[in-house]
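Listed below, chain by chain, are the residues.
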Amino acid sequence: MSSLNSSLMENLSFVRPEYFYITGFSGIPFINYYFVCLLLMYIIAVFGNSFVAVIILTDRSLHVPKYLGIFNLALADIGETNALIPNLIKTFLFDSQFISYDACLVNMFFVFFFSSVQALTLVVLAYDRFIAICLPLRYHAIVNNYFMSVVLIGVWSVCSAFNGTTVALITRLSFCKSNVVKSYFCDYGPVYSLACNDKTINSVMAKLCSTLFIYIPLIAIVLSYLGIFLALSKITTWAGRLKALKTCVSHLLAVGVFFLPIVIIYFAGYLSMSLHPNAKIIISSLSNVIPPLLNPIIYVLNTKEFKVFILKIVKKRSSVNPQVLAK
């Protein structure tokens, strides 16, 4: 009877807030300038990734496994940018740090979903480079468009299932302590830590998602490049090594841009280094904003096929303009 009464009391005291209050950027000096920078970053990121996606779609010579992966990365970059920055800009324009309960969960899902898609796509691209350099004669037999399409569909499915389940578990929590989220968006950890009922499963899922979408991808990429460097050491000429390594430059830069801010934050916490809360918020927000901004620039500047495509467009326009002027 006592257990039944306690269960009834728990149900009666279950609290689901109407809204959350996001305080991440409160009290940071000159934060208005940062929001202006975010707006510029948003425009460049959306335009740049859309440009890369359109090039890959329209140029048939780019319909190969590697560029399917880059196309997938561009889609994830566009998704994460739109999931995160417009909400931050809205906070700046309307001076409103409130977000409804349902909108908070939606925001949480899409930010983590697209971020995890980016991480796993970088792993897929690392595997592509590993096979291309370590097993060049078998590359086309192992990695083809069908294989890459199936793997990428699997990436979206896994990310959707894990992140959807993780976010759905928030709905079992009762928020009777506070509705103030100490982050720059509806971050999973700061939200579930506000609950006053048992949140053990939420803590477990948070650690599981960090393992699946941060630690394992980073380890897999490092192992891939150890294999690549071992294969490069077997090439007799430096010219041959550099030629093979050049095909990895864009991917290595994208990996660094994505994982470096995350590694800095995690190691700072692990080593008990005292990062100022404002510095941690800025670094954390940039870790979500910078990769979608730089990825299209990295791939356009370091990929021969993109440069050739752009030169074709420029030549076509330059050859058409004199004809138009003559008329």
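Residues numbered from 1 in each chain as written. Predicted model: local features only at pLDDT ≥ 70, side-chain atom pairs only at ≥ 80, totals over all residues. Heavy atoms only, no water.

Peer 1: Break down a nonpolar patch on the surface for me, citing the residues and quoting the values.
Peer 2: On the surface, Tyr215, Ile219, Val222, Leu223, Leu226 and Tyr266 cluster together into a nonpolar patch covering about 580 Å² of accessible area. Counting residues per element, the nonpolar patch draws most heavily on helix H8 (residues 200–233), at 5 residues. Mapped onto the elements, Ile219 comes out in helix H8. (Patch = residues over 30% accessible without salt bridge, like charges linked within 9 Å, V, L, I, M, F, W, Y side chains within 5 Å. Areas by Shrake-Rupley, 256 points an atom, 1.4 Å probe, with all protein chains shown as cover. Salt bridge = Lys/Arg side-chain N within 4 Å of Asp/Glu carboxyl O. Helix = DSSP H or I, 4+ residues; strand = E, 2+ residues; numbered from the N terminus.)

Peer 1: Could you give an account of the environment of Asp187, naming the residues involved and the relevant values?
Peer 2: Note on placement: Asp187 falls in the loop between strand S3 (180–181) and helix H7 (188–192). Sequence-wise, Asp187 and Phe213 are 26 residues apart; in three dimensions their C-alpha atoms are separated by 15 Å. Once you skip the residues sitting within four places of it in the chain, Asp187 turns out to touch Met108, Phe112 and Val181. (Contact = heavy atoms within 4.5 Å.)

Peer 1: I'd like to hear about the state of the cysteines, residue by residue, with values.
Peer 2: Inspection of every chain in the model, using the stated rule, returns 2 disulfides. In this model Cys176 forms its disulfide with Cys196; the gap between the sulfur atoms is 1.8 Å. Of the two residues, Cys176 sits in the loop between helix H6 (145–168) and S3 while Cys196 sits in the loop between H7 and H8, which places them 20 residues apart along the sequence. Look at the protein and number its bonded cysteines as they come in the sequence; the links are 1-3, 2-4. Cys159 forms no disulfide, and the closest cysteine sulfur to it belongs to Cys209, at a distance of 9.3 Å. Classification of Cys159 as buried rests on a relative accessible area of 0%. (Disulfide = S-S within 2.5 Å. Buried < 20%, exposed > 50% of the residue type's maximum accessible area, 1.4 Å probe, protein only.)

Peer 1: Talk me through the confidence of the model for the protein; I want residue IDs and the actual numbers.
Peer 2: Counting all residues, the mean pLDDT for the protein is 87, and 91% of those residues have values of 70 or more. Here residues 4–10 is modelled with pLDDT under 50, and outside its nearest four sequence neighbours on either side it reaches 0 contacts, counting other chains as well. (pLDDT = per-residue confidence, 0-100.)

Peer 1: Describe in detail the sheet that holds S3, supporting the description with residues and values.
Peer 2: Pairing is mixed across the open sheet formed by 3 strands, whose spatial order is S2-S1-S3. Of all the strands in the sheet, just strand S2 (98–100) and S3 have a single pairing partner and so form its edges. In this structure, strand S1 (residues 19–22) lies alongside S3, joined through 2 bridges in parallel fashion. In the sheet register, Tyr21 faces S3, and the bridge partner there is Val180. Contacts from helix H4 (residues 101–134) reach S1 and S2 within the one sheet, and its direction differs from that of S2 by about 90 degrees. (Pairing = 2+ DSSP bridges. Axes fitted to C-alpha atoms, helices over the stretch in contact; angles between N-to-C directions.)

Peer 1: Provide a residue-level description of empty space enclosed by the protein, including the pertinent values.
Peer 2: This model, assessed by the stated rule, comprises 2 cavities of 30 Å³ or more. By volume, the largest cavity amounts to about 180 Å³. Taken together, 15 residues make up the lining of the largest cavity; nearest its centre are Ile22, Asn87, Leu88, Thr91 and Tyr184. Along the lines of polarity and charge, the residues of the lining of the largest cavity split into 8 nonpolar, 6 polar and 1 charged. Around the second largest cavity sit Asn49, Val52, Ile70, Leu73, Ala74, Asp77, Asn295, Pro296 and Tyr299, which together line it. When residues of the lining of the second largest cavity are traced back to their parent elements, those giving at least two are helix H2 (31–58), helix H3 (65–94) and helix H11 (277–302). (1 Å grid on protein atoms, 1.4 Å probe; cavity = no way out; pocket = protein on both sides within 12 Å on 5 of 7 lines; lining within 4 Å. Points joined across faces, edges and corners; volume = space filled by probe spheres on them. Nonpolar A, V, L, I, M, F, W, Y, C, P; charged D, E, K, R; others polar.)

Peer 1: Give me the lowdown on H3, citing residues and values where you can.
Peer 2: Taking 1.5 Å as the rise per residue, H3 with 30 residues should run 44 Å; its terminal C-alpha atoms sit 44 Å apart, in good agreement. The largest bend in H3 amounts to roughly 25 degrees and is located at Asn82, with the proline Pro86 lying one to four residues further along. Following H3 by one or two positions, Asp95 adopts a phi angle in the positive range, close to 50 degrees. (Expected span 1.5 Å × (residues − 1). Bend = angle between axes of the 7 residues up to and from the residue.)

Peer 1: Pulling in residues and values, what's your account of the UniProt feature "transmembrane region" (unreviewed entry) in the protein?
Peer 2: Taken from the UniProt record, the annotation "transmembrane region" (unreviewed entry) applies to residues 33–55, 105–125, 146–170, 212–232, 244–269 and 281–302. Between the C-alpha atoms that bound residues 105–125 there is a distance of 30 Å. The span itself is 100% helix and 0% strand. (UniProt positions renumbered as here; feature names shortened; annotations may be inferred.)

Peer 1: Tell me about the packing of aromatic side chains, residues and numbers included.
Peer 2: Summed over all chains, the structure comprises 23 aromatic pairs. Taking the centre distance of 6.3 Å and the plane angle of 15 degrees together, the rings of Phe47 and Phe51 count as stacked. In this pair, Phe47 and Phe51 both sit in helix H2, 4 residues apart, roughly one turn of the helix. With 5.0 Å between their ring centres and 65 degrees between their planes, Phe113 and Phe114 make a pair best called edge-to-face. The same class applies to Phe113 as to Phe114, namely buried. Cluster of aromatic residues (ring-pair linked, three or more members): Phe25, Tyr34, Phe35, Phe112, Tyr184 and Phe185. Sitting above the plane of the Trp238 ring, Arg241 keeps its charged end 4.7 Å from the centroid. (Phe/Tyr/Trp six-rings, centres within 6.5 Å; stacked < 30°, edge-to-face > 60°. Lys NZ or Arg CZ within 6 Å of the ring centre and 35° of its normal.)

Peer 1: Give a detailed account of unusual backbone geometry, specifying residues and quantitative values.
Peer 2: At Phe30, a position not held by glycine, the phi torsion is positive, near 55 degrees. Within the secondary structure, Phe30 is located in the loop between S1 and H2.

Peer 1: Just give me the short version of the side chain of His251, but keep the residues and values in it.
Peer 2: Mapped onto the elements, His251 comes out in helix H10 (residues 249–270). Within polar-contact distance, the side chain of His251 engages the backbone oxygen of Leu122 at 2.7 Å. Among all residues touching His251, those that are not within four sequence positions of it are Leu122, Leu125, Ala126, Ile221, Tyr225 and Tyr299. (Polar contact = N/O pair within 3.5 Å; in protein donor to acceptor, adjacent residues only side chain to side chain.)

Peer 1: I'd love a proper account of H11, names of residues and values included.
Peer 2: Compared with the 38 Å implied by 1.5 Å per residue over 26 residues, the 36 Å span of H11 between its first and last C-alpha is a close match. Maximal helix bending in H11 amounts to about 35 degrees, located at Ser287; proline Pro291 follows within four positions.

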